Structures are given as C-alpha cells and as structure tokens.
Amino acid sequence: MNALQPFQPALRWVARLDTSTPWEAAVIIPARNESMRIQACLTALADAIVVAGRTIGVIVCVNDTTDDTAPKAATTLRRLRIPNMVLDLHFSPGTGGVGRARDLGMKLAQRLPHAPKFLMTTDADSRADSAWIAANLTELGNAHVVFGTIIPDATELAQLRPLLPRHSLAEEEFTQAAVRLVNCLDPLPHDPLPSHRNRLGASIALTAQALEMLGGIPWEPLSEDRALARYAETLDLRIRHASTPKVITSCRLLGRAEGGMATTLRARCAQDDPFCDNWLEATEALVRRYHTKGRLRALWPASARVWSLARELLGPVPGMQPVPRPDLFKTFGAFWQRLEAVHPALRYHLLRQSDAARELPLLLARLHEIDRKRFHEPLDFSQRETNHALALQ
C-alpha cells in the first residue's frame, strides 16, 4: 500500500524490556508531545493486560516530539513491568505523521523473534477500558479488522457541550438510526448490531494476516484510520464495528496534528450548522445506496446477474462511462467502490446537522417500515459472506 520513501526517520532514543518473550498481541501507540497524558494511557492499558490474562507487548512510537514523552513512557512501562519498546523518532518534514508512526510500530512488531498474531492500536490521549484487549481478541475470532467504540472523556465533554451547535444531538440520533438502517439493508453476519460506523485510530485491532494483505497502515498524515478501512473494504476483509472494545478519548480542542480530531471539533464549535459525518446522507439516498449494495452483494460473484441488477436498480450511467463490469474485479468491495465512483445515483451529497434534524422522522419511519417487512420475510444470510474473503487465523 505504501510507496517507498527515501527519507527514513532518525531514531534518537530507544528503550526496550523483555522483547524476547513471545507476545500474543502487540499494542501500538503513536505519541507526539503527550507528556501530560501518556502515563494515564499506559496505566489503563496495564489494567487491560491483566484482565486479558495474555502476554501483551506495547510499542510506543514517539514521533517528532519536543517534550519528554519518550522517557516518561519508558519509565511508566518499566514500572508497570509491561514488555515494551519505546522509540523516539524524528521524521524529515513532510515524511512523517501518525499514519507512518502506526505503520512503523506494527511492522516492527512483526520483526520480533516471535511475531504476534494480533495487533492493536490506540492513541496516547486515550484510556482503554479494562476489557479492551480481551474484547478485541474475542472479536478478532470472526473478523480481520475491528474498530472499537470511542467514548468521549466525560469531564471534557461536559465542558464542550455548551459550545456545540444546536443540532448536534439530532446528528447523534440520526447516526444511530442510520447504522440500524445499514444493518437492515446490507446485513453482514460478522458485523451485527449493536454496531456503529466510527473508524478511528483510538481503537483498531487486526490480525497479522490482515496487516500483511493491507501492506501496512496507510502513511496518511491525517485520517489514516479511514484510509485503512476503505482499503480493507476493497479487499473484502471482514470489518467489525464492535461495541465491546471501548476507549475513553480526549475532547480537547487543541490537538497534536493540525486537521485532526481536535481541529474537527474546533471547527464544529465555530459553526452554527456544520456538516455531519461524511457517510451520512438524506434518508432516501441512504436507502437507495444500501438497498443496492445489499442486493448486489448477495448475488456476488455471479457477475452477469450483478451487472443486470445494478442497471435495473440504478439505471445506466449517462454519457460514455458504462456500469463497470463485475467480472473485471476480484472482490465485491473493489467493484462497489468503482460503481460508487462512476454512477451519479450514488454520488454523495453532504448533510448538515439541521438536515439531519428534519430527516430524522422520515428515517425512523422508513426504518420501521423495513423492520416490519423483514419480520414477515426473514432474510437469508447463507450467501452473505463472499467466498473470496480471507480465512481467519
């Protein structure tokens, strides 16, 4: 996935403890100027390791920091007696970022004498729930990639609430209903309710096999987590949006990467009617997208039937661009992403929070209607798994 770059980071400092004992899983934590938060992050992780009852190693990739995050992380991990590596990395301008730091940590774990079969990652401003590791390992029994649940820090959220736009709660309710709608129209046995659509680096777990197929974590300076999810979908990997692996994460408005989560929160607080998350759209557009996706997925890989039904549901593409031929694609995910890219009926139109407030009654009504139909006509799940998905480890 990642193109080779001639600029390798400078390793200014490294500490390690017990890297010869086989790790069942490795937790990767990128950190930049997190001296004030890294101890709480690692202490919470220590509790999760105890609950999991497994040999878990931690790799902290401190990147382009100007404070004492690295020695503080090493001291904390040594005190907690957690097998670990702590790297103090400095990248040339334009060649670093959180994505590359995560990728470096995961690939380093795979070079250990006994490479772990499972990899997890969280952020230095997050605190894992005590069951986070155990829950991720359970979910990885039936998934290649697991995105966990992100819980805002209660104290910071209480301070932030008065600053949020007036329709913020409407977006939250609309999102919850939209997740249920997706589950109804395009159900996947490995991703049942309760579910969500958050794909954030604060809680990701994946198998070593999946990491190899993905070629690593994308080197995106921002949104490497969403880029990872999109590429995993292209490969038809089993993606789980799980409710049980939980992390508490910061709601701060001044973050470490310009354009990251803190920048997004700050921009939302400054607007009266900001856009919703970019996967959300008007009710009928959501129904059309996921009804089509679910119907086509159920027919895959019968390419002639998929092509015929795509034209029936969406119509031909105007102009010179035809509906893509399914037989030219190895996976359903790759075909679907190409169809979304070329077909006007699947073009995204961003939703504002006020739109979500107006659309919510319609979405709930459509959801009730679909639920009622499903009750009378149970769906057949036998063909929901594409036959080319990777075998789980």
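In case you missed it, the structure is sitting above this.
(A) The arrangement of the packing of aromatic side chains in detail. Inspection of the entire model under this criterion finds five aromatic pairs. On the numbers, 5.7 Å between centres and 70° between planes, the contact of W300 with F332 is edge-to-face. Placement of W300 in the loop between α10 (283-299) and α11 (303-314) and of F332 in helix α12 (residues 332-342) is noted, with a sequence separation of 32 residues between them. On the basis of an interplanar angle of 50° and a centroid distance of 6.4 Å, the ring pair of F332 and F335 is categorised as tilted. Of this pair, F332 and F335 both sit in helix α12, three residues apart, which is roughly one turn of that helix. Over the ring of Y348 we find R289; its NZ or CZ atom is 3.6 Å from the centre of that ring.

(B) Broad picture of the nonpolar core. Of all hydrophobic cores here, the largest spans 39 residues; its most connected members are V27, V58, V60, V86 and I133. Where this core is concerned, the elements lending two or more residues are β2 (25-31), α1 (38-52), β3 (56-63), α2 (69-80), β5 (118-121), α4 (132-139), β7 (145-152) and β9 (239-249). Beyond its immediate chain neighbours, meaning those up to four positions away, V60 contacts I29, A31, L42, A73, L77, M85, V86 and L87.

(C) Molecular detail of the environment of E24. Locating E24 in the fold gives a position in the loop between β1 (10-17) and β2. Owing to a relative accessible area of 36%, E24 belongs among the partly exposed residues under this scheme. Those residues within four positions of E24 in sequence are excluded, and the remaining contacts are R54, T55, P116, K117 and F118. Of note is the side chain of E24, whose polar atom sits 3.1 Å from the side chain of R54.

(D) Just α4, in detail. Within α4, six of the eight residues are buried, which leaves the element mostly enclosed by the surrounding structure. If you check which residues of α4 are buried, you get W132, I133, A135, N136, L137 and E139.

Rules used in this analysis
- Along each chain, residue indices are assigned from 1 in the same order as the chain's sequence is written.
- Local features in this predicted model are restricted to residues whose pLDDT is 70 or higher, and side-chain atom pairs enter the listing and the counts only when it is 80 or higher, whereas totals over whole chains, interfaces and linings include all residues.
- In computing side-chain properties, one takes all heavy atoms of the structure into account and sets aside hydrogens as well as water.
- Two rings belonging to Phe, Tyr or Trp (six-membered ring only in the last case) form a pair when the distance between their centres is within 6.5 Å. Interplanar angles under 30 degrees mark stacking, angles over 60 mark edge-to-face geometry, and anything in between is tilted.
- Helix and strand assignments follow DSSP, with helices taken as H or I runs no shorter than four residues and strands as E runs no shorter than two, numbered in order from the N terminus.
- Remark: a charge is flagged as sitting over a ring if the NZ atom of Lys or the CZ atom of Arg is within 6 Å of the ring centre and within 35 degrees of the ring normal.
- Residue types Ala, Val, Leu, Ile, Met, Phe, Trp, Tyr and Cys, when buried and joined through side-chain atoms within 4.5 Å, form a set referred to as a nonpolar core.
- Only protein chains enter the calculation, and the probe is 1.4 Å; a residue is then buried if its accessible area is under 20% of its type maximum, exposed if over 50%, and partly exposed in between.
- Contacts: residue pairs with any heavy atoms within 4.5 Å of one another.
- Throughout this description, a polar contact denotes any pair of N or O atoms lying within 3.5 Å of each other; where both atoms belong to protein, one of them has to be capable of donating a hydrogen while the other can accept it, and for residues adjacent in sequence the pair is counted only when both atoms sit in side chains.

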